[in-house]
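# Commentary on secondary and tertiary structure
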Amino acid sequence: MVLPPWQQLKWVCEKPLLYRRAGELGLAVPLTYEISSLEQAEAAELRFPVILKPNMGGRSRFARAKAVLASDKAAFSTAYTWAAEEIGSDNVVVQEMIPGGGEGQFSYAALWNEGAPVAEFTARRTRQYPVDFGYTSTFVEVVDETQLIDAARRLLGSIAHHGLVEVEFKRDARDGSMKVLDVNPRPWTWFGLGAAAGVDLGAMLWAIKSGQTVRTASARPNTSWMYLVRDMVAAGRLISSGRLAKRAYFSSFTGVRAWATFQANDPMPGLIDVPLTAWRVLTRRILSAILTWKCLGRRRDGVSSTAAETDRRDR
């Protein structure tokens, strides 16, 4: 494990502390409501829609859902009650929903050593699945966003970070600001993009821990990573809704240099992923029908279907 002590790391891993530290450093963050009890939740004056998410990851159903959208007071009350039962009211973060999908989400990816960056680059998480609340990125490309580098350096420098890290941002189209969303001090889904772009963060980490000299490297522009099967689904939804042109989708393949599940010298995972995804889609639809039927029963009994709906999306 190559990480700073928890007393330092917690300031970027626990979302309430992350947003506090970012605010102290003058970085933009989403509007976050101070709610830590059911009573405060009932009395809160919110600007809908809002998102509920856990203060950290975990294995609960709510943590696996990552984000739950509430568009009105009734939906919020039900969602907050369920989330509080799952992880405790002190661990539920209530936040504004920043408009837009994956096209507005960016990341700072880097390797730090003893409080200073060794290698770093920025990327846009152009497409994700689902398209608005992505559980996983499906198309990520190297972009030049120097403001992210400055913001991430200030944030990570404040804890003397050490090791791998990805800092997630989202551009708020309302004012153009880049708002800090999350920090992942570990390898992430599209980690392979770095090596494909000439910045092999994993190899650099190994070299540093082995006492070798690491050369500075810059990521090649117009290099991208794709999770083909899921990206086809995400692109299909974006095209059908008019948010993505077919020509732009097919043009995005020209820069792909890294794939989520396919490797020429190890093709089996990629081949298995196709029928596996088809099976997941089929079983998800069956489970969706079953859960919808159950939700109707819950509504007749006066119980909201928010938890069941999250179960359906998670499955």
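Please refer to the structure placed before this passage.
Structure report, in brief. Residues take numbers from 1 onward in each chain, read along the sequence in its written order. Only residues with pLDDT of at least 70 are given local features in this predicted model, and only at 80 or more are side-chain atom pairs given and counted; all residues enter the totals for whole chains, interfaces and linings. Only heavy atoms go into the side-chain values, all of them from the structure, while hydrogens and water stay out.

### Details of the overall build of the chain
Only DSSP runs of H or I covering at least 4 residues are called helices, and only runs of E covering at least 2 are called strands; the numbering of each starts at the N terminus. A tally of helices and strands in the chain yields 12 helices and 11 strands. Between buried and exposed lies partly exposed: a residue is buried under 20% and exposed over 50% of the maximum accessible area for its type, with that area taken using a 1.4 Å probe on protein chains only. Buried residues in the chain amount to 46% of all 315 residues. A separation of at least 24 residues holds for 66% of the contacts in the chain among residues at least 6 apart in sequence. Accessibility throughout is a Shrake-Rupley quantity obtained with a 1.4 Å probe, and a residue counts as covered only by protein chains that appear here. Surface summary for the chain: the accessible area is close to 16,100 Å², and the carbon and sulfur share equals 54%. Pairs of residues are marked as contacts when any of their non-hydrogen atoms sit within 4.5 Å.

### Observations regarding the pattern of salt bridges
Each reported salt bridge corresponds to a side-chain nitrogen of Lys or Arg within 4 Å of a carboxyl oxygen of Asp or Glu. Per the counting criterion, the structure on display carries 12 salt bridges. Between E168 and R125 there is a salt bridge, and its shortest N-O distance comes to 3.3 Å. Here the residue E168 occupies a position in strand β8 (residues 163-171), and R125 occupies one in strand β6 (residues 116-129), the gap between them amounting to 43 residues. When its relative accessible area of 7% is taken as the criterion, R125 is described as buried.

### Brief notes about helix α1 (residues 6-13)
Taken together, the buried positions of α1 are occupied by L9, W11, V12 and C13. Those residues of α1 that are buried are in contact with α2 (15-24), α6 (146-157) and β9 (178-184).

### With respect to the sheet that holds strand β2 (residues 50-54)
Any two strands between which DSSP finds at least two bridges are classified as paired. With respect to topology, four strands assemble into an open sheet ordered β1-β4-β2-β3, the strand pairing being antiparallel. The open sheet is flanked by β1 (32-33) and β3 (68-70), the only strands paired with a single partner. Pairing between β1 and strand β4 (residues 92-96): two bridges, direction antiparallel. Within β4, the residue paired with T32 across the bridge is Q95. Every axis in this analysis is a line fitted to C-alpha atoms, fitted for helices over the stretch in contact. Angles between the N-to-C directions lie between 0 and 180 degrees. Here helix α5 (residues 73-87) sits on the sheet and contacts β2, β3 and β4; the angle it forms with β4, its principal contact strand, is near 150°.

### Focus: helix α9 (residues 228-240)
To estimate the expected span of a helix, count its residues, drop one, and scale the result by 1.5 Å. Relative to the 18 Å expected for 13 residues at 1.5 Å per residue, α9 spans 18 Å between its end C-alpha atoms, a close match to the ideal helical length. What α9 keeps buried is the set V229, D231, A234, A235 and L238.

### What to know about the side chain of D231
Residue position: D231 is located in helix α9. As used in this structure description, the phrase polar contact means that two N or O atoms lie within 3.5 Å; if the pair is within protein, one of them must be able to donate a hydrogen and the other to accept it, and residues adjacent in sequence are counted only when both atoms belong to side chains. Side chain to side chain, D231 and R127 meet in a polar contact 2.8 Å long. Aside from chain neighbours lying at most four places away, what touches D231 is R127, T138, F139, M226 and Y249.

### Looking at the pairing of β8
Burial within β8 is extensive, with eight of its nine residues counted as buried. As defined by bridge partners, β8 adjoins β9 across six bridges and the pair is classed as antiparallel. For E168, the partnering residue across the bridge sits in β9 and is D182. Where β8 hands over to β9, the hairpin turn is made up of six residues, of which G176 adopts a positive phi near 80°.

### Concerning the packing of aromatic side chains
When two rings of Phe, Tyr or Trp (its six-membered ring) have centres within 6.5 Å they constitute a pair, described as stacked for plane angles under 30 degrees, edge-to-face for angles over 60, and tilted for the intermediate range. As enumerated under the stated definition, the model contains eight aromatic pairs in all. Geometrically, the ring pair formed by F62 and W82 is edge-to-face, given 5.7 Å between the ring centres and 90° between the ring planes. Within this pair, whereas F62 is found in helix α4 (residues 61-65), its partner W82 is found in helix α5, the two being separated by 20 residues in sequence. Of the two residues, F62 and W82, both sit in the buried class.

### Regarding the nonpolar core
Of all hydrophobic cores here, the largest spans 28 residues; its most connected members are V12, Y108, L155, V165, V167 and F169. For this core, the secondary structure elements donating two or more residues are α1, α2, β5 (105-113), α6, β8 and β9. Top contributing element to this core by residue count: α6, with six residues. Only buried Ala, Val, Leu, Ile, Met, Phe, Trp, Tyr and Cys residues count toward a nonpolar core, and they belong to the same one when joined by side-chain atoms within 4.5 Å. Core analysis: the next-biggest nonpolar cluster, separate from the first, contains 23 residues, V2, V142, A196 and V199 among them.

### What about the environment of V68?
Looking at the element boundaries, V68 is found in strand β3. In the structure, V68 is positioned 17 residues away from I51 in sequence and 5.5 Å away in space, judged by C-alpha atoms.

### Things to note about the sheet that holds β6
Working definition: the strands of a sheet are paired by backbone hydrogen bonds and lie parallel or antiparallel to each other. Pairing is mixed across the open sheet formed by seven strands, whose spatial order is β9-β8-β5-β6-β7-β10-β11. A strand with exactly one partner marks an edge of an open sheet, and here the two such strands are β9 and β11 (256-259). Looking at each pair of strands side by side, their axes are set apart by 30° on average, direction ignored. Inspection of the sheet shows β6 paired to strand β7 (residues 136-143) by six bridges, in the antiparallel sense. What sits directly across from Y129, in β7, is T136. Of the strands in this sheet, β5, β6, β8 and β9 are in contact with α6, which crosses β5 at around 50°.

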